[in-house]
Amino acid sequence: MSGLILENVEKHYGSACAVKDVNLHLPEGKLVCFLGPSGCGKTTLLRMIAGLETLSGGEIRLDGEDIGHTPAHQRNFGMVFQSLALFPHMTVGENIAYPLKLRGVGKAEQQARVVELLQLIQLQEMIDRPVSKLSGGQRQRVAIARAIANHPKILLLDEPLSALDAKLRESMQVEIRQLQQRLNITTIMVTHDQREAMTMADIVVVLGEHRVQQVGTPIEIYRHPANEFVADFIGSGNIFPATALGNGRVSLPGGDALQVPICSSIVVGEKVRMLIRPEDLQLSQPQATAGNRLLGKVTFVRDIGATIETTVECSGVSFTALSTPCQGFGLSIGNPVSVTLPAEACRVLGA
Ligand code: ATP
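Residues numbered from 1 in each chain as written. Predicted model: local features only at pLDDT ≥ 70, side-chain atom pairs only at ≥ 80, totals over all residues. Heavy atoms only, no water.

The protein carries the name ABC transporter ATP-binding protein in an unreviewed UniProt entry, which gives Pseudomonas silesiensis as its organism.

Next up, the structure:
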C-alpha cells in the first residue's frame, strides 16, 4: 500500500509510556495534523517517523518498505522545528543551500535550486540578507524552503508557527497550506491548536493520553467526535449529562425530555453524556416548552462584536449559545428565553 503506514507503534521511556499502540495510514500528498494537548505524545510520534527517536515496538512503512530502523539521514524527510534552527550568521541563500551542500550537490545546481525555492516562497530579493535581519514570517518561509530543498518524500513540521503572533500565524497557516498543495508533498504537522489543525489539515489525528483518539477530516472530527475527549478538545461545546429514555429520547437533569439521534448501544435508564455545539443552539423569545424547545434564564452575555455568546440555565444544564448580532435580540442577565436544541445537532457521546 502506498503512503506512510504506522502499525502498533509504541514508545516507552523506562516504565513511562509516551506513545501507545498507534495504527495509522497517512496517504500520499495530504497534510495530516497530529493534534492533542501537551504531553500526549505528538512530538515523540513525529520524531519516530523522522528517525530521530527509536521505536519501542511496532513498524513504520513507507510505500511498502519498512523504514522503522532506517537512519534519519537516509529517510530523505524534510523537517522544520519549533525553533526553526536556521543559521543566523548565514544569508538566506546559504541557509537554503546548506542541505544541498551536505548532499554533495554541485555549486551551479545549488544556486539554481536556491533561486527556484526563493521564487516559491517569494523572497527572491533577499538571497543575500542574513537571516537575523528577517521578520518572523520570512524566517518561517526560509526554514520551509530549506526543509524542501532536497525534494523530501515527506515534510515534517513540529509546531512551526508557535513563536509567531496570532495574526501572522493565521496568514502563515494559509501560506503553508497553499505551498503544500502546490507541491503536493505529504506533510505531517504537530500542533496543539485545534483552529490551526482545522484550517490546514486534510486529515486530523487527535491524540490524547498517549493514544490515537480519532482520525478523520476536520469536519468529521468536529461534527462526529468519537468520544468526550475529542468533543471537548475540538472547539467549544456544551457537554451535559442525560438519562436514556428509549426511542431516541433522553431526559435532562431538570426533567425535560429531548429527542436525539437514536444510539443503539445505549439502553433505557443508562446515564449518558451529550454534546451540542454553541452555534447549533437556537434562542428565541420565551414560549412554553414544546418538543426540543426548552425554557431557560440568561445567566451571562458576552458580546464580542462579530458574535454574541449567551449562557442560559435550563433544565439543570448551563448551555452556551453562539449567535450573530443579527440573530440576537438584546438579551441581558436574568431574562427568560427559549432554547431549541435541534435533534440532529445533539450527539450522544456515550455512557
Ligand atoms: P508538547 O505539546 O508539550 O510538546 P507532546 O504531545 O509533543 O507535548 P511529547 O513531547 O511527545 O508530547 O511527550 C510525550 C511524553 O513523553 C511526555 O510525558 C514527556 O514527558 C515524555 N517524554 C518525551 N521525551 C522524553 C524523554 N527523552 N525522556 C523521558 N520522557 C520523555
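Caption draft 1: Spotlight on the overall build of the protein. Looking only at helices and strands, one finds 9 helices and 20 strands in the protein. Here the C-alpha coordinates of the protein stretch approximately 80 × 45 × 35 Å along the principal axes. Put simply, the protein has 351 residues, and 48% of those count as buried. Residue pairs in contact within the protein that sit at least 24 positions apart in sequence constitute 67% of those at least 6 positions apart. Split by element, the accessible area of the protein, about 16,600 Å² in all, is 51% carbon and sulfur. Charged side chains of the protein number 32 positive and 34 negative; the gap between the two group centres comes to 3 Å. (Helix = DSSP H or I, 4+ residues; strand = E, 2+ residues; numbered from the N terminus. Buried < 20%, exposed > 50% of the residue type's maximum accessible area, 1.4 Å probe, protein only. Contact = heavy atoms within 4.5 Å. Areas by Shrake-Rupley, 256 points an atom, 1.4 Å probe, with all protein chains shown as cover. Lys, Arg positive; Asp, Glu negative; His and termini not counted. Charge placed at Lys NZ, Arg CZ, Asp CG, Glu CD.)

Caption draft 2: Highlighting the site of the ligand. Lining the immediate surroundings of the ligand are Tyr13, Ala18, Pro37, Ser38, Gly39, Cys40, Gly41, Lys42, Thr43, Thr44 and Glu159. A distance of 2.6 Å separates an oxygen atom of the ligand from a polar atom in the side chain of Ser38. Within the side chain of Lys42, an N or O atom sits 2.9 Å from an oxygen atom of the ligand. Protein burial of the ligand: of its 630 Å² of free accessible surface, 55% is covered by the chains. For the shell around the ligand, the leading source of residues is helix H1 (residues 42–50), giving 3 residues. Taken together, the residues that form the shell around the ligand break down as 4 nonpolar, 5 polar and 2 charged. (Near = heavy atom within 4 Å. Polar contact = N/O pair within 3.5 Å; in protein donor to acceptor, adjacent residues only side chain to side chain. Nonpolar A, V, L, I, M, F, W, Y, C, P; charged D, E, K, R; others polar.)

Caption draft 3: Geometry of the environment of Pro241. Among the structural elements, Pro241 can be located in strand S11 (residues 238–246). Judged by its relative accessible area of 37%, Pro241 falls in the partly exposed class. Taking the C-alpha atoms as reference points, Pro241 and Leu179, 62 residues apart in sequence, are found 44 Å from one another. Discounting residues that sit within four places of it in the chain, Pro241 has contacts with Leu252, Pro253, Val272 and Arg273.

Caption draft 4: Helix H5 (residues 136–148), seen in detail. For H5, built from 13 residues, the straight-helix expectation of 18 Å at 1.5 Å per residue is met to within 8% by its first-to-last C-alpha distance of 19 Å. H5 sits mainly inside the fold: 11 of its 13 residues count as buried. Three or more residues of H5 are buried, namely Gly137, Gln138, Gln140, Arg141, Val142, Ala143, Ile144, Ala145, Arg146, Ala147 and Ile148. Considering only its buried residues, H5 is in contact with strand S6 (77–80), helix H3 (92–102), helix H4 (107–120), strand S7 (154–158) and helix H6 (166–183). (Expected span 1.5 Å × (residues − 1).)

Caption draft 5: Broad picture of empty space enclosed by the protein. Tallied over the full model, the rule gives 1 cavity of 30 Å³ or more. Taken as a whole, the largest cavity encloses approximately 30 Å³ of empty space. Every residue along the wall of the largest cavity is listed here: Ile144, Leu155, Ile176, Leu179, Gln180, Leu183 and Ile185. Residue classes in the lining of the largest cavity are distributed as 6 nonpolar, 1 polar and no charged. (1 Å grid on protein atoms, 1.4 Å probe; cavity = no way out; pocket = protein on both sides within 12 Å on 5 of 7 lines; lining within 4 Å. Points joined across faces, edges and corners; volume = space filled by probe spheres on them.)

Caption draft 6: Just the sheet that holds strand S13 (residues 257–259), in detail. Spatial ordering of the open sheet is given by S13-S12-S11-S14-S20, a layout of 5 strands whose pairing is antiparallel. One side of each edge strand has no neighbouring strand; the edge strands of this open sheet are S13 and strand S20 (347–350). When strand polarity is set aside, the average angle formed by the axes of neighbouring strands in this sheet is 45°. Inspection of the sheet shows S11 paired to strand S14 (residues 271–276) by 6 bridges, in the antiparallel sense. (Pairing = 2+ DSSP bridges. Axes fitted to C-alpha atoms, helices over the stretch in contact; angles between N-to-C directions.)

Caption draft 7: Looking closely at the nonpolar core. Counting residues in hydrophobic clusters, the biggest one holds 42 residues, and the most contacted among them are Val92, Ile96 and Val142. Per-element accounting of this core gives the leading share, 6 residues, to H5. With 28 residues, the next largest nonpolar core counts Phe34, Ile60, Ile67 and Leu156 among its residues. (Core = buried A, V, L, I, M, F, W, Y, C linked by side-chain atoms within 4.5 Å.)

Caption draft 8: Molecular detail of the sheet that holds strand S10 (residues 211–216). The 6 strands are arranged S6-S7-S8-S3-S9-S10 in an open sheet whose pairing can be described as mixed. The sheet is open, and its two borders are formed by S6 and S10, each paired with just one other strand. The mean inter-strand angle of the sheet, taken between neighbouring strand axes irrespective of direction, is 15°. Looking at chain direction, strand S3 (residues 31–35) and strand S9 (residues 203–208) are connected through 4 bridges and run parallel. For Val32, the partnering residue across the bridge sits in S9 and is Ile203. Those strands touched by H5 are S6 and S7, and its axis lies near 165° from that of S6.

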